[in-house]
Amino acid sequence: MVDDFQKLVKDCFVLISLTQDLVIHSNYHHGLRCAYLAEKIGEELIPDEKDILFFAGLLHDIGAQGGAFHLIHFPDLKTQMINDGIREHPYNTTHLIRMFPFLFEGQHRIADYILHHHEWWKGIGYPRQLREEQIPLGARILRAADAFDIYSRSGKDRNEIIPENALHLLKSNGEIDPVIYKILSNLCKSENFLYEYRVIENIFYSHYEKKKIKFLTSELDSNLVYEYIGYVIESKLGASSPGHIYADVLYATQIATALGLSSQEVKDIKIASYLHDLGKLAIPSEIIEKPALLTEKEWEIVRAHASLTIELLESVPAFKKFSFAGYHHERWDGKGYPQGLKEDEIPLGARIICIADALDAMTSRRPYRPTLTFQEALIEIEKNSGTQFDPHIVPKVLEIYR
Ligand SMILES: [Fe+2]
Ligand SMILES: [Fe+2]
Ligand SMILES: [Fe+2]
Ligand SMILES: [Fe+2]
């Protein structure tokens with residue numbers, strides 16, 4: 001039981017890290033690589049804290065915005081400083097680390113290191129322009145890991161990793177602690193290091209398995225882990241659709257219960273509702289928050305969130321079984337996305353979340369269309385029964401809400 005919980009929390013960290021790194025068509029695995037790098041450097045400088053540094057590296061950017069704002073596109077300090085979303089991300093990430101519902105050993109250190117992970121050795125970084133030894137050593141290690149990964153990929157193709165580029169730049173720009181620079185340049189002499197660094201997505205899990213999180217609380221409730229992921233998503237999408245995730249959870253759980261599903265099925269659908277829009281974090285926020293109707297091209301990008309959700313959930317073991325959440329935009333008549341499944345081909349949970357999603361969308365405030373009352377929304381659901389929505393579920397929905 002404790003072991004399962006341990007796995008769940010670790011996979012929750014990986015899921016959030018991967019989500020942050022996801023850009024349409026690509027995942028840079030920046031968090032995974034920074035975890036690996038921070039631990040490697042930590043082994044030399046603070047061996048007692050190498051696991052803490054590993055988790056700090058994994059999570060260091062989770063408060064940043066997704067999509068077009070992926071940090072690896074902003075290697076230049078000046079550009080980072082004038083972009084609100086980027087300048088604030090050390091605070092946002094620190095907040096998310098402290099909000100985690102279970103206290104664990106090293107949590108406060110991880111938060112502290114992440115808060116200062118953009119401070120530069122020569123004192124021109126952010127948020128506080130600390131310099132040299134004023135910057136906590138763990139934060140200096142994170143800065144080095146972060147910068148090394150970003151500059152290694154400063155060539156034309158961001159997926160190509162050229163460590164020499166990073167070493168060349170970091171040698172003279174005053175960004176990282178010179179002691180850490182030496183460690184990095186030594187690491188780059190090791191074939192094994194370079195190999196593992198390049199193929200991180202293949203070696204990460206075997207490495208990760210050995211890591212342990214030591215919880216400081218005895219009541220370990222897995223529901224709170226899923227709620228936390230919902231909170232992380234909500235904290236990023238809240239500006240465009242406040243409360244959407246929680247509304248979906250509420251309606252989907254009510255509908256699943258009313259349909260007489262088993263308590264395990266209801267529980268799974270509830271969890272899937274927390275996760276259903278995960279892929280939206282990879283959509284540029286200027287599209288998500290656009291206060292007008294979207295162009296066809298923008299719609300195409302928004303629609304990608306469904307397949308991204310499936311892809312993300314399927315790539316992390318503890319979340320695989322909830323990947324059905326990503327089918328919540330399929331339609332009963334087969335005209336939905338991402339796969340154009342129809343009728344019973346669509347997982348039951350997704351058919352339920354689809355109605356919950358529509359109920360909240362219609363009754364919420366959107367700048368480009370009027371907000372319907374709950375009763376008006378039910379009329380729409382009824383009208384679209386058998387085309388958009390499962391005609392076996394709609395009568396139940398009308399029964400419980402009318
Ligand atoms: Fe960062
Ligand atoms: Fe980063
Ligand atoms: Fe969606
Ligand atoms: Fe949604």
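Asks: Which parts of the structure should I look at to understand the coordination of the iron ion (ligand 2)?
Replies: Reference values for coordination geometry: four tetrahedral donors around a metal ideally subtend 109.5 degrees, six octahedral donors ideally subtend 90 or 180 degrees. Around the iron ion (ligand 2), the protein contributes the donor atoms His30 (NE2), His60 (NE2), Asp61 (OD) and Asp146 (OD), which lie 2.1 to 2.3 Å from the metal centre. Considering all 4 donor atoms around the iron ion (ligand 2), angles at the metal cover 77 to 173 degrees and the coordination shape is irregular. Here the donor residues of the iron ion (ligand 2) share one chain and are spaced in sequence as H-x29-H-D-x84-D. A gap of 3.7 Å separates the iron ion (ligand 2) and the iron ion (ligand 1), which aspartate 61 links by coordinating each metal. Side by side, histidine 60 and aspartate 61 carry an identical accessibility label, which is buried.

Asks: Can you walk me through the coordination of the iron ion (ligand 3) in this structure?
Replies: For the iron ion (ligand 3), the protein coordination sphere consists of Asp277 (OD), His305 (NE2), His328 (NE2) and His329 (NE2), at 2.2 to 2.3 Å. Of note is the iron ion (ligand 3), whose 4 donor atoms meet at the metal with angles of 82 to 170 degrees in an arrangement that counts as irregular. Sequence positions of the residues that donate to the iron ion (ligand 3) give the spacing D-x27-H-x22-H-H. Here the iron ion (ligand 3) and the iron ion (ligand 4) are spaced 3.6 Å apart, and both take aspartate 277 as a donor. Judged by relative accessible area, which is 1%, histidine 328 ranks as buried.

Asks: How should I be thinking about the packing of helix α3 (residues 50-59) against helix α12 (residues 200-208) in this particular structure?
Replies: The axes of two packed helices give the description: the angle between them and the distance between them. Two numbers describe how α3 lies on α12: the axes approach to 13 Å, and their chain directions differ by 140 degrees. Between α3 and α12, the angle falls in the class oblique. The two elements α3 and α12 meet at a crossing, and its hand is left-handed. Listed contacts from α12 to Phe54, Phe55 and Leu58 of α3 are Phe204, His207 and Tyr208. Taken together, the residues that form the contact of α3 with α12 break down as 5 nonpolar, 1 polar and no charged.

Criteria and thresholds
- Residues numbered from 1 in each chain as written.
- Chains lettered and ligands numbered in written order.
- Predicted model: local features only at pLDDT ≥ 70, side-chain atom pairs only at ≥ 80, totals over all residues.
- Heavy atoms only, no water.
- Donors = N, O, S within 2.8 Å, 3.2 Å for Na, K, Ca; no water.
- Tetrahedral: all angles 85-135°; square planar, octahedral: opposite > 155°, others 65-115°.
- Buried < 20%, exposed > 50% of the residue type's maximum accessible area, 1.4 Å probe, protein only.
- Axes fitted to C-alpha atoms, helices over the stretch in contact; angles between N-to-C directions.
- Helix = DSSP H or I, 4+ residues; strand = E, 2+ residues; numbered from the N terminus.
- Parallel < 35°, antiparallel > 145°, perpendicular 65-115°, else oblique.
- Left-handed = near helix turned anticlockwise from the far one by under 90°.
- Contact = heavy atoms within 4.5 Å.
- Nonpolar A, V, L, I, M, F, W, Y, C, P; charged D, E, K, R; others polar.

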